[in-house]
Amino acid sequence: MSRPLYRGFSGIGGKDRCADEDRYDPKEPSENGIGGAACATATAASRGRKRHLAAAAARIAVLVLAAAALVGSVAWAGSLYAGRGAASAMAAASAHRGYRRLQEQLVTDLLDIGELAGGGLRAREAEVCAPEYENYVPCYYNGSEAVDVTDLGGGVVISYERQCAREGRAACLVAPPRAYRTPVRWPSCKEFIWKDNVRISGQEFSSGSLFRRMMVEEDQISFPADAHMSDGVEDYAHQIAEMIGLRNEFNFNEAGVRTVLDIECGFGTLGSHLFKRDLLTMCIANYEASGSQVQITLERGIPALIGSFASKQLPYPYLSFDMVHCAKCNVDWDKNDGVFLVEVDRLLRPGGYFVWTSNLNTHRALRDKENKKKWTTIRDLANNLCWEMLSQQDETIVWKKTNKRDCYSSRKSEPVLCGKGHDPESPYYQPLNPCIAGTRSKRWIPIEHRTTWPSQSRLNSTELDIHGVNSEVFAEDTSNWDSMVRNYWSLLSPLIFSDHPKRPGDEDPQPPFNMLRNVLDMNAHFGGFNAALLKSGKSVWVMNVVPTNTPNYLPLIFDRGFIGVQHDWCEAFPTYPRTYDMVHADGLLSLEKCQRHRCSTLDIFLEVDRILRPEGWIMIRDTAPLIEAARSVAAQLRWDARILDLDIASDEKLLICQKPFLRKQ
């Protein structure tokens, strides 16, 4: 049975729950865990008197404004006739009638406002999208055109490039499929998910990358680890560690490996396994109308994002990852003069590893002249990038990016070094660059010389100086987020289940005790929210988003051992519907308010609703006026919402919402 959402909690607005009733009307407890009727009887009379007073004040204001408008109309018309002759009288009369119509509309609007202030009207609720929008991903060729993947002929080419336009985007609530169920909680979701929560067509069970396999049962899809290779994913990870020169996979962190980019990850099996070794793996794959690697990987609780090597740089800064992995991914590394390998070089830190598993690497495949030519081209490109081939075993090859600064200058072949004006740190919507980013950045530090995880998340003063961040400011930010996360969790803990798996014999928890695993921070700043969650022992991962209209601290976030992307929140986020359990935003509304004529709060909240799972949480922290306005928008989206004071001396407030489970009739 769900519990009511308490108004006050440690450090955040510890007021009496019956206070401030003009700001929030308590509701009966709902199945989503929001609301509480404890104060309803005690405050009903008070609320009624306030509503009558507000309505009377609104009516008086409307009458005053209407009278002023009519007086202004008469005066304006008189001035027209006084200043014109008979020849222009008809034109003046026509203008006067037009102005009177505008005034009449003004009076009508003011009366509507008065009714709204008096409680007579409510904001109109957003409509629910049509069924074909269940898997709607804006900016890509998909269900928004109501074309099913099975209808596509052999000659149809699906574009993987983002093509975002605000016109034509669905301004409605994306409802879940009819048979959608609350996702399996972490860590059980690593092993199986509900079949009806993802879109599959039956073509995904044996095709694709090395790990793109699964077992479908009556109502679920399972991912047994040993089924993905002849020796299992654990042996595969152990093999990679040995090829790098490590004793086993438990030594990855000691070798400086923390963040991994997995290109076309199958369904996240390698990332799921490496998570147990304190490695954070980001999966990227093209948009897929059915059987999406990204959708299924996120359903399993593993980081993933829609991304493509087609023509744009990936939205990650220079020197982001310690390892890039490609197992039978559909990238032609020899094409376009090796520009895809140059992009991998941009993303890899000095001393980082590129792991490539492909049928092309076997002796049998190299007997074919065409395959031999491809392999030779890739090998020569790797040499020109100053990569060292460490080892080859069966289908797998491991290269190491150079950690020697003088290697690039000693080369006598392309690709060339980028010019001084090139900025590799801000790749958002930038075309693939055929030049090597080089060693000029202060962040060009070999992974062997970096602080290892988990100390890596606590950057020292020397590391902060690289990013132009004062150590005292960083320490204060860290302390504030540690306190805020404790307060957040004291509020949410009665409403969500604990991070630990259930004990044998326990019954499955009922909603809203659903899992909290995938978290998105819409305005991550230094990544303090992410760090505080991990410090408090929460079994979550965070997609840290740095808005494109803020200072770019994404390199700092990656240097802390976290992951994230740059993004413009007036565009759709590159993910599938229902892929996050919590969306958090600190100061985002203030940020967007400064950017006039871009997009509305409703536009942004509709996108949040699309990517949030049913019964998921939204936590928005901002100034009081913006939070009050945001609550009315939340009501349009049918979110259960409550406002809490952060501090008596602060103008900031916290809006906590829960998305309802819109079940289809």
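In this text the structure is predicted, and so the values were computed from the model without any measurement. (Residues numbered from 1 in each chain as written. Predicted model: local features only at pLDDT ≥ 70, side-chain atom pairs only at ≥ 80, totals over all residues. Heavy atoms only, no water.)

## Points about the state of the cysteines
Within the structure shown, the criterion is met by seven disulfides. Between the sulfur atoms of Cys-129 and its disulfide partner Cys-172 the distance amounts to 1.9 Å. On the sign convention where negative means left-handed, the S-S torsion of about 100° between Cys-129 and Cys-172 marks this disulfide as right-handed. In this pair, Cys-129 is assigned in the loop between helix 2 (89–117) and strand 1 (192–194) and Cys-172 in the loop between helix 2 and strand 1, connecting sequence segments 43 residues apart. Each member of the pair, Cys-129 together with Cys-172, is buried. (Disulfide = S-S within 2.5 Å. Helix = DSSP H or I, 4+ residues; strand = E, 2+ residues; numbered from the N terminus. Buried < 20%, exposed > 50% of the residue type's maximum accessible area, 1.4 Å probe, protein only.)

## Thoughts on the nonpolar core
The nonpolar side chains of a soluble globular protein tend to be buried with one another. Among the nonpolar cores identified, the biggest contains 103 residues, and Tyr-316, Trp-333, Phe-354 and Leu-520 are the most heavily contacted of them. The element contributing the most residues to this core is helix 6 (residues 339–347), with six residues. Residue contacts for Leu-520: discarding those within four places in its chain leaves Met-543, Val-545, Trp-569, Phe-573, Tyr-580, Met-582, Val-583, His-584 and Ile-611. (Core = buried A, V, L, I, M, F, W, Y, C linked by side-chain atoms within 4.5 Å. Contact = heavy atoms within 4.5 Å.)

## A short note on the environment of Ser-272
Within the secondary structure, Ser-272 sits in helix 4 (residues 269–275). You can call Ser-272 buried: its relative accessible area is 7%. Along the sequence, Ser-272 and Arg-300 sit 28 residues apart, while their C-alpha atoms lie 8.4 Å from each other. Ignoring sequence-local partners within four residues, the contact set of Ser-272 consists of Lys-190, Arg-300 and Ile-302.

## Here's the deal with the side chain of Asn-544
Inspection of the secondary structure assignment puts Asn-544 in strand 12 (residues 541–547). Of the polar contacts made by the side chain of Asn-544, one reaches the side chain of Asn-530; its length is 2.9 Å. In this view, Asn-544 contacts Asp-521, Ala-524, Gly-527, Asn-530, Leu-554, Ile-557, Phe-562, Ile-563, Gly-564 and Val-565; residues no more than four positions away in its chain are not counted. (Polar contact = N/O pair within 3.5 Å; in protein donor to acceptor, adjacent residues only side chain to side chain.)

## As for the pairing of strand 8 (residues 348–357)
Most of strand 8 sits out of view: 10 of its 10 residues are buried. Sheet topology note: the strand 7 (residues 321–327)/strand 8 ladder contains six bridges and is parallel. Of the residues in strand 8, the one forming a bridge with Ala-327 is Thr-357. For the crossover that starts at strand 7, traverses helix 6 and ends in the parallel strand 8, the hand is right-handed. (Pairing = 2+ DSSP bridges. Right-handed = clockwise from strand over helix to strand, strands pointing away.)

## So, empty space enclosed by the protein
For the structure on display, the rule yields nine cavities of 30 Å³ or more. The computed volume of the largest cavity comes to approximately 280 Å³. Along the walls of the largest cavity sit 18 residues, with Arg-162, Lys-312, Gln-313, Pro-315 and Tyr-429 positioned nearest its centre. The element contributing the most residues to the lining of the largest cavity is strand 13 (residues 563–567), with three residues. For the lining of the largest cavity, the per-class residue count stands at 10 nonpolar, five polar and three charged. (1 Å grid on protein atoms, 1.4 Å probe; cavity = no way out; pocket = protein on both sides within 12 Å on 5 of 7 lines; lining within 4 Å. Points joined across faces, edges and corners; volume = space filled by probe spheres on them. Nonpolar A, V, L, I, M, F, W, Y, C, P; charged D, E, K, R; others polar.)

## Comments concerning unusual backbone geometry
Cis geometry is found at the peptide bond from Trp-186 to Pro-187, where omega equals 5°. Its place among the elements puts Pro-187 in the loop between helix 2 and strand 1. Residue Pro-454 follows Trp-453 across a cis peptide bond; omega there is 10°. Looking at the secondary structure, you find Pro-454 in the loop between strand 10 (396–401) and helix 8 (461–466). Its identity is not glycine, yet Cys-139 carries a phi of approximately 80°, on the positive side. Within the secondary structure, Cys-139 sits in the loop between helix 2 and strand 1. A relative accessible area of 12% means that Cys-139 is categorised as buried.

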